[in-house]
Amino acid sequence: MPNSSDECTMHDIDVVQRIVEYFLMHEQQQPKLGRFNISRLLDNYLAEISRDPNLSITKFQVLAELLPENTRSCDDGLYRAIDTYLKTHPSLTEHDRRRLCKTMNCEKLSLDGCTHAAQNERLPLRTVIQVKFTRTLDPRT
């Protein structure tokens, strides 16, 4: 019988982490063609596993931070995964919600992502303010 809730998740997070790390290691030797595809793939995976009530915030955060900063051109997929995680884990402390939201770059949210995040009651107040501030400075708005 597993001792921790991490071992009871519905997905094998460690395998995906190793695959992404392997990809990134070998991708450094190849042209940078696959970076945006891997970010979209990983963000969709994060959105899928975020529904697992036994997924620890640490496992989620490690995967979310696995890719280099310049890999994601847009953080909407990551925001969607974070929002789903927050829905599934409503008892997270304010500290944990802030910790989770730090993985997202508010400046890389689309206008739709900013609009949704600015009204999202699950997000920590600090993140909502950051989204609103980013949105007011964004020439797209």
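Scroll up a little and you will see the structure.
Residues numbered from 1 in each chain as written. Predicted model: local features only at pLDDT ≥ 70, side-chain atom pairs only at ≥ 80, totals over all residues. Heavy atoms only, no water.

*Asks:* Which residues make up the environment of V20, and what values do they have?
*Replies:* Looking at the secondary structure, you find V20 in helix α1 (residues 13-27). Along the primary structure V20 and L63 are separated by 43 residues, whereas in three dimensions their C-alpha atoms are 8.9 Å apart. The residues contacting V20, other than those within four sequence positions of it, are L42, L66 and L67. (Helix = DSSP H or I, 4+ residues; strand = E, 2+ residues; numbered from the N terminus. Contact = heavy atoms within 4.5 Å.)

*Asks:* Can you explain the packing of helix α3 (residues 57-64) against helix α4 (residues 76-88)? Please cite residues and give values.
*Replies:* Following both chains from N to C, one finds α3 and α4 inclined at 180°, their axes separated by 12 Å at the closest point. Relative to α4, α3 is oriented roughly antiparallel. Here α3 contributes I57, F60 and A64 to the contact with α4, which in turn contributes L78, A81, I82 and Y85. Residues of the contact of α3 with α4, tallied by class, amount to seven nonpolar, no polar and no charged. (Axes fitted to C-alpha atoms, helices over the stretch in contact; angles between N-to-C directions. Parallel < 35°, antiparallel > 145°, perpendicular 65-115°, else oblique. Nonpolar A, V, L, I, M, F, W, Y, C, P; charged D, E, K, R; others polar.)

*Asks:* How would you explain the side chain of D52 if you had to name every residue and give the values?
*Replies:* If you trace the backbone, D52 turns up in the loop between α2 (35-49) and α3. No salt bridge is formed by the buried D52; the nearest opposite charge belongs to K59, separated by 11 Å. Those residues in contact with D52 that lie beyond four places of it in its chain are T9, M10, H11, T88 and H89. (Buried < 20%, exposed > 50% of the residue type's maximum accessible area, 1.4 Å probe, protein only. Lys, Arg positive; Asp, Glu negative; His and termini not counted. Salt bridge = Lys/Arg side-chain N within 4 Å of Asp/Glu carboxyl O.)

*Asks:* Got a sec to walk through the nonpolar core? Specific residues and values, please.
*Replies:* Of all hydrophobic cores here, the largest spans 35 residues; its most connected members are L42, L46, F60, L63 and I82. For this core, the secondary-structure elements that each account for two or more residues are α1, α2, α3, α4, α5 (94-101), α6 (111-118) and α7 (125-137). Ignoring sequence-local partners within four residues, the contact set of F60 consists of L46, S50, L55, A81, I82, Y85 and L100. (Core = buried A, V, L, I, M, F, W, Y, C linked by side-chain atoms within 4.5 Å.)

*Asks:* Would you mind going over the pattern of salt bridges in detail, with residue names and values included?
*Replies:* One pass over the structure, following the stated rule, counts eight salt bridges. E48 is paired through a salt bridge with R51; the nearest N and O atoms lie 3.4 Å apart. Classification of E48 as partly exposed rests on a relative accessible area of 42%. Note on R51: relative accessible area 44%, which makes it partly exposed. As a salt-bridge pair, K108 and E69 come within 3.6 Å of each other at their nearest N and O atoms. Remark: E69 occurs in the loop between α3 and α4 and K108 occurs in the loop between α5 and α6; sequence separation between them is 39 residues. A cluster of three or more residues bridged by salt bridges with shared partners is formed by D83, K87 and R122.

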